Amino acid sequence: MSAPFLPFTRPSIDERTIAEVGEVLRSGWITTGPKCLELEAAFSKRLGGRPVRLVNSGTASLELALRLCDIGPGDEVITTPLSWVATANVVLAVGAIPVFVDVDPASRNIDLSRVQHAITPRTRALLPVDLAGLPVDRDLLYALAQKHGLRVIEDAAQSFGAHWGDREIGSFGDLVSFSFHANKNMTTSEGGCLVLNNEDEARRFEKLRLQGVARLPDGGMEVEAWGGKANLTDVAAAIGLGQLRHIDDFNERRHELAQRYFARWDPALGFTLPPADSERHGNWHMFQPLLPARLAPRRGEFIAAMKAQGIGVGVHYPAMHLFSLFRQRGHTDGDFPVAEDIGARTITLPLFPAMTDADVDRVCDAVASVTARLS
Ligand SMILES: Cc1ncc(COP(=O)(O)O)c(C=O)c1O
């Protein structure tokens, strides 16, 4: 009998959480309510007391963070071309201009040493991404932001539970945005949250999240400015509360599995492995070797051959400035060569907490046999 299909990721949801979701469904109140408040309080406690507000996606969190900073038409926001396209789409959504800066070949995150050259009088914010959950250097990031008087919106969609030094991502800094999409290290099925600086910002964010409405003490309401529709449901928040009980164990297991990949990997195959992260800053959201250059044009074949062996492989992400959307805005091949090279060679191998050590061995064996066949 052949082994069951191994996807590149899969959420772990325990029976207690499933029962708690059932309780919410039976409670008579299934949209934003007590479970959302409980999850916001739990995040806030974990993140040193900073205000946290839930939304229905990481995308909404980023877009509303930009609006909170009054970033709009004509403003420039500096970001990375190597991310999920949401990172730049939100900048377009508020009418601002995403300004890409190439990535560092080692970390694969925005190259902070190049950011200075991209800053203009119209630059309003830095929007870095912690790719695969490996944090951007927060010391350099905030030194730059301070020097140039810029807001920072950390796209920490992938880095929940990661650290910079001994501080957890989200427990310090300016605005920090997480995603709880089903593929993330902890999930609410779909969802996200923003960590804010103070209660005044949190109240303004609440209005942006739900139609601009402010509740009045007499039971009435007032709307002074635009707001969208991005509130999370209690059904989703109940999943999040269940996940939060396990996130540190999940991340520990991800770390162990990544170490097994490093130990089992055959260097003779010619892949470039992800940064080892010996300081343990990251949360191993993904394990992403880069194909040998000669196999880059055959990535589709590689993925199909892995699938034929029962193993799911993803691509996260092609360099986004080469999508038609950004070519139409003037970008072309060669603009950001490091991101282009990584984007053309990257593959995402299975990594999720319920995997066994034997699963990692199976992936490594399949990579070796597929590489030998395609070479
Ligand atoms: C780096 C990055 N930014 C933004 C997002 C958007 O999050 P969501 O899918 O929850 O809208 C994601 C996740 O999908 C992401 O990985």
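Chemist: Describe the overall build of the chain, with residues and values.
Modeler: Check the secondary structure of the chain and you find 13 helices and 11 strands. Here the chain has a C-alpha radius of gyration of 21 Å; the compact-globule value for 375 residues is 21 Å, and the two agree. Overall, the C-alpha framework of the chain stretches about 70 × 55 × 35 Å when taken along its three principal axes. A buried classification covers 56% of the 375 residues belonging to the chain. In the chain, once contacts between residues fewer than 6 apart in sequence are set aside, the share between residues at least 24 apart is 70%. Total accessible area computed for the chain in this model is approximately 15900 Å², and 55% of it derives from carbon and sulfur atoms. Averaging the positions of the 39 positive and the 46 negative side-chain charges in the chain gives two centres separated by 3 Å.

Chemist: Just give me the short version of the pairing of strand β9 (residues 192-195), but keep the residues and values in it.
Modeler: Taking every second residue as pointing to the same face, both faces of β9 are buried, with Gly192 and Leu194 on one and Cys193 and Val195 on the other. Summarising the sheet, strand β1 (residues 52-55) and β9 pair through four bridges and their orientation is antiparallel. From the neighbouring strand, Val55 faces β9, where its bridge partner is Gly192.

Chemist: Any details on helix α13 (residues 357-374)? Residues and values, ideally.
Modeler: For α13, spanning 18 residues, the distance from its first C-alpha to its last is 26 Å, which sits close to the expected 26 Å at 1.5 Å a residue. Every buried residue belonging to α13 is among Asp359, Val360, Asp361, Arg362, Val363, Cys364, Ala366, Val367, Val370, Thr371 and Leu374, and all of these are buried. Of the surrounding elements, those touching the buried residues of α13 are α9 (247-264) and α10 (299-308).

Chemist: Tell me about the packing of helix α3 (residues 58-68) against helix α7 (residues 199-209), residues and numbers included.
Modeler: Following both chains from N to C, one finds α3 and α7 inclined at 120°, their axes separated by 10 Å at the closest point. As summarised for this structure, α3 and α7 are arranged oblique, according to the angle between their axes. By crossing handedness, the relation of α3 to α7 is classed as right-handed. The segment α3 lies against α7, with Ser61, Leu64, Ala65, Arg67 and Leu68 engaging Glu201, Arg204, Phe205, Leu208 and Arg209. Taken together, the residues of the contact of α3 with α7 sort by class into five nonpolar, one polar and four charged.

Chemist: Residues and numbers for the site of the ligand, please.
Modeler: Around the ligand there are 17 residues in total, and Gly58, Thr59, Asp155, Ser179 and Lys184 lie nearest to it. For the ligand, an oxygen atom lies 2.9 Å from a polar atom in the side chain of Gln158. Considering the ligand on its own, with 380 Å² of exposed area, one finds that the protein chains cover 93% of that surface. Those elements that place two or more of their residues in the shell around the ligand are α3 and α4 (86-93). For the shell around the ligand, the element with the highest residue contribution is α3, accounting for three residues. Residue classes in the shell around the ligand are distributed as six nonpolar, nine polar and two charged.

Chemist: An account of the environment of Cys193 is needed here, citing residue identities and associated values.
Modeler: The residue Cys193 is located in strand β9 in this model. Taking the relative accessible area as the measure of exposure, Cys193 reaches 0% and is therefore buried.

Cut-offs used in this document
- Residues numbered from 1 in each chain as written.
- Predicted model: local features only at pLDDT ≥ 70, side-chain atom pairs only at ≥ 80, totals over all residues.
- Heavy atoms only, no water.
- Helix = DSSP H or I, 4+ residues; strand = E, 2+ residues; numbered from the N terminus.
- Rg over C-alpha atoms; globule rule 2.2 N^0.38 Å.
- Buried < 20%, exposed > 50% of the residue type's maximum accessible area, 1.4 Å probe, protein only.
- Contact = heavy atoms within 4.5 Å.
- Areas by Shrake-Rupley, 256 points an atom, 1.4 Å probe, with all protein chains shown as cover.
- Lys, Arg positive; Asp, Glu negative; His and termini not counted.
- Charge placed at Lys NZ, Arg CZ, Asp CG, Glu CD.
- Pairing = 2+ DSSP bridges.
- Expected span 1.5 Å × (residues − 1).
- Axes fitted to C-alpha atoms, helices over the stretch in contact; angles between N-to-C directions.
- Parallel < 35°, antiparallel > 145°, perpendicular 65-115°, else oblique.
- Left-handed = near helix turned anticlockwise from the far one by under 90°.
- Nonpolar A, V, L, I, M, F, W, Y, C, P; charged D, E, K, R; others polar.
- Near = heavy atom within 4 Å.
- Polar contact = N/O pair within 3.5 Å; in protein donor to acceptor, adjacent residues only side chain to side chain.

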